[in-house]
Amino acid sequence: GAVVSQHPSWVICKSGTSVKIECRSLDFQATTMFWYRQFPKQSLMLMATSNEGSKATYEQGVEKDKFLINHASLTLSTLTVTSAHPEDSSFYICSARDQRYNEQFFGPGTRLTVL
Amino acid sequence: AQTVTQSQPEMSVQEAETVTLSCTYDTSESDYYLFWYKQPPSRQMILVIRQEAYKQQNATENRFSVNFQKAAKSFSLKISDSQLGDAAMYFCAQDPYNTDKLIFGTGTRLQVFP
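Quick notes on the rules
- Residues numbered from 1 in each chain as written.
- Chains lettered and ligands numbered in written order.
- Predicted model: local features only at pLDDT ≥ 70, side-chain atom pairs only at ≥ 80, totals over all residues.
- Heavy atoms only, no water.
- Helix = DSSP H or I, 4+ residues; strand = E, 2+ residues; numbered from the N terminus.
- Rg over C-alpha atoms; globule rule 2.2 N^0.38 Å.
- Buried < 20%, exposed > 50% of the residue type's maximum accessible area, 1.4 Å probe, protein only.
- Contact = heavy atoms within 4.5 Å.
- Areas by Shrake-Rupley, 256 points an atom, 1.4 Å probe, with all protein chains shown as cover.
- Lys, Arg positive; Asp, Glu negative; His and termini not counted.
- Charge placed at Lys NZ, Arg CZ, Asp CG, Glu CD.
- Pairing = 2+ DSSP bridges.
- Phe/Tyr/Trp six-rings, centres within 6.5 Å; stacked < 30°, edge-to-face > 60°.
- Buried area = accessible area lost by both parts, 1.4 Å probe.
- Salt bridge = Lys/Arg side-chain N within 4 Å of Asp/Glu carboxyl O.
- Polar contact = N/O pair within 3.5 Å; in protein donor to acceptor, adjacent residues only side chain to side chain.
- Nonpolar A, V, L, I, M, F, W, Y, C, P; charged D, E, K, R; others polar.
- Axes fitted to C-alpha atoms, helices over the stretch in contact; angles between N-to-C directions.
- Core = buried A, V, L, I, M, F, W, Y, C linked by side-chain atoms within 4.5 Å.

Participant: So what about the overall build of chain B? Which residues, and what values?
Facilitator: Along its length, chain B carries 0 helices and 12 strands. The order of helices and strands in chain B, counted from the N terminus, is β-β-β-β-β-β-β-β-β-β-β-β. The globule rule puts the C-alpha radius of gyration for 114 residues at 13 Å, and the 13 Å found for chain B is close to it. In terms of overall dimensions, chain B has a C-alpha envelope of 40 × 25 × 20 Å along the principal axes. Counting every position in chain B, which comprises 114 residues, the buried fraction comes to 49%. A separation threshold of at least 6 residues defines the contact pool for chain B, and within that pool the share at least 24 residues apart is 55%. When the accessible surface of chain B is totalled, it reaches about 5,600 Å², and 46% of it is carbon and sulfur. Mean positive and mean negative side-chain charge positions of chain B (10 and 12 charges, respectively) differ by 2 Å.

Printed below as a string of structure tokens:
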């Protein structure tokens, strides 16, 4: 199947700083990518849809100024958590559809810990 | 509202036995997709099986099969001949509008005992 990577896999930052998480489709192009958030021992919640060359669309309740999404190329979407606070600590997962397989593939996730 | 409910937080099964994980959902759409995903300790989400709502035939992938009851909005996963490697969190999910925007259930942790 297709491969979606995320970088970094784990990041620790101080409260008030910003953190950027990358999501890459390694062997296919993706005009759309998705960002999910998973709290410990909980489900995945869709945060936003990243659209190549245009603005991201955010789910209800997600602060667009807090979670900045940029989809500058067909293989890369970035999620920047701005002015991070401890409550932003979570596991962030991205996904993208590979049309060759007609299937959505998930990245391995990024664990964010804000101190 | 589109929702997915998994009423079994944890399940256990003996190796080589069969286990069924339950999932119910709610949607007002007539054509949608349903999925079961596996999340092992590595946290990598892996597609186990998917079902298109307009197809009446239950999907099957090797040892994994579903019992799709559209009228009852039920979508259970049966794992036959359970293996130690099947131990993981299993999430039921729906894509109500065929947009790849998935709505996940709360998950069922499956333990497999030798």
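Participant: Could you give an account of the pairing of strand β9 (residues 90-98) of chain A, naming the residues involved and the relevant values?
Facilitator: Residue and element names in this part refer to chain A. When you tally the buried positions in β9, you get 9 out of 9 residues, the bulk of the element. Neither face of β9 is left uncovered, since the one carrying Ser90, Tyr92, Cys94, Ala96 and Asp98 and the one carrying Phe91, Ile93, Ser95 and Arg97 both have all their residues buried. Here strand β4 (residues 32-38) pairs with β9 via 6 bridges, running antiparallel. Note that in β9 the partner of Arg37 across the bridge is Tyr92. For β9 and strand β11 (residues 110-114), the ladder comprises 3 bridges, and the chain directions are antiparallel. Along β11, the bridge assignment pairs Ser90 with Leu112. Where β9 folds back onto strand β10 (residues 103-106) in an antiparallel hairpin, the turn is made up of 4 residues, including Asn102, whose phi is positive at roughly 50°.

Participant: Describe the packing of aromatic side chains, listing the residues and the values that go with them.
Facilitator: All names here are of chain A. With the rule as written, the count across this model stands at 13 aromatic pairs over all chains. With centroids separated by 6.2 Å and ring planes inclined at 45°, the aromatic side chains of Phe67 and Tyr92 adopt a geometry described as tilted. One end of the pair, Phe67, is in strand β7 (residues 67-73); the other, Tyr92, is in strand β9, and 25 residues separate them in sequence. For the pair Phe67 and Tyr92, a shared accessibility class is recorded, and that class is buried.

Participant: Account for the interface of chain A and chain B, naming residues and giving values.
Facilitator: Contacts between the two partners involve 21 residues from chain A and, on the opposite side, 16 residues from chain B. Of all residues in chain A, Ser43, Leu44 and Phe106 of chain A give up the largest surface area on contact with chain B, accounting jointly for 29% of the area buried on that side. Summed over the shared surface of chain A and chain B, the number is 2 salt bridges. Two residues, Lys101 of chain B and Glu59 of chain A, come together in a salt bridge whose shortest N-O distance is 3.8 Å. There are 8 residue pairs in polar contact (both at pLDDT 80 or more) connecting chain A and chain B. For the side of chain A that touches chain B, the residue count by class is 9 nonpolar, 8 polar and 4 charged.

Participant: If you had to explain the pattern of salt bridges to someone new, which residues and values would you point to?
Facilitator: Residue and element names in this part refer to chain A. If you walk through the whole model with that rule in mind, you get 9 salt bridges over all chains. For the salt bridge of Asp27 with Arg100, the shortest nitrogen-to-oxygen distance reads 3.5 Å. Linking Asp27 in the loop between β3 (19-25) and β4 with Arg100 in the loop between β9 and β10, this pair joins segments that are 73 residues apart in sequence. What makes Arg100 exposed here is its relative accessible area of 52%. The residue Arg100 makes a salt bridge to Asp98 at a minimum N-O spacing of 2.6 Å. Overlapping salt bridges, with partners in common, bring together Asp27, Asp98 and Arg100 in one network.

Participant: Before we move on, could you go through the sheet that holds strand β1 (residues 4-7) of chain A and cite the residues and values that matter?
Facilitator: Backbone hydrogen bonds hold the strands of a sheet together, and the pairing may be parallel or antiparallel. Residues and elements named next belong to chain A. A sheet is described by the order of its strands in space; here 4 strands give the open sequence β1-β3-β8-β7, paired in antiparallel fashion. With one partner strand each, in any of the chains shown, β1 and β7 form the two edges of the open sheet. Direction aside, the axes of adjacent strands within the sheet are offset by 20° on average.

Participant: Residue-level account of the nonpolar core, with values.
Facilitator: Judged by nonpolar contacts, the single largest core of 25 residues is most densely connected at Trp35, Leu79, Tyr92 and Leu112 of chain A. Those elements giving two or more residues to this core turn out to be β2 (10-13), β3, β4, β5 (44-51), β7, β8 (76-81), β9 and β11 of chain A. Residues Trp36, Ile49, Ala59 and Ala88 of chain B belong to the second largest nonpolar core, which totals 24 residues.

So far we have only geometry, and geometry alone does not tell us how the molecule works.
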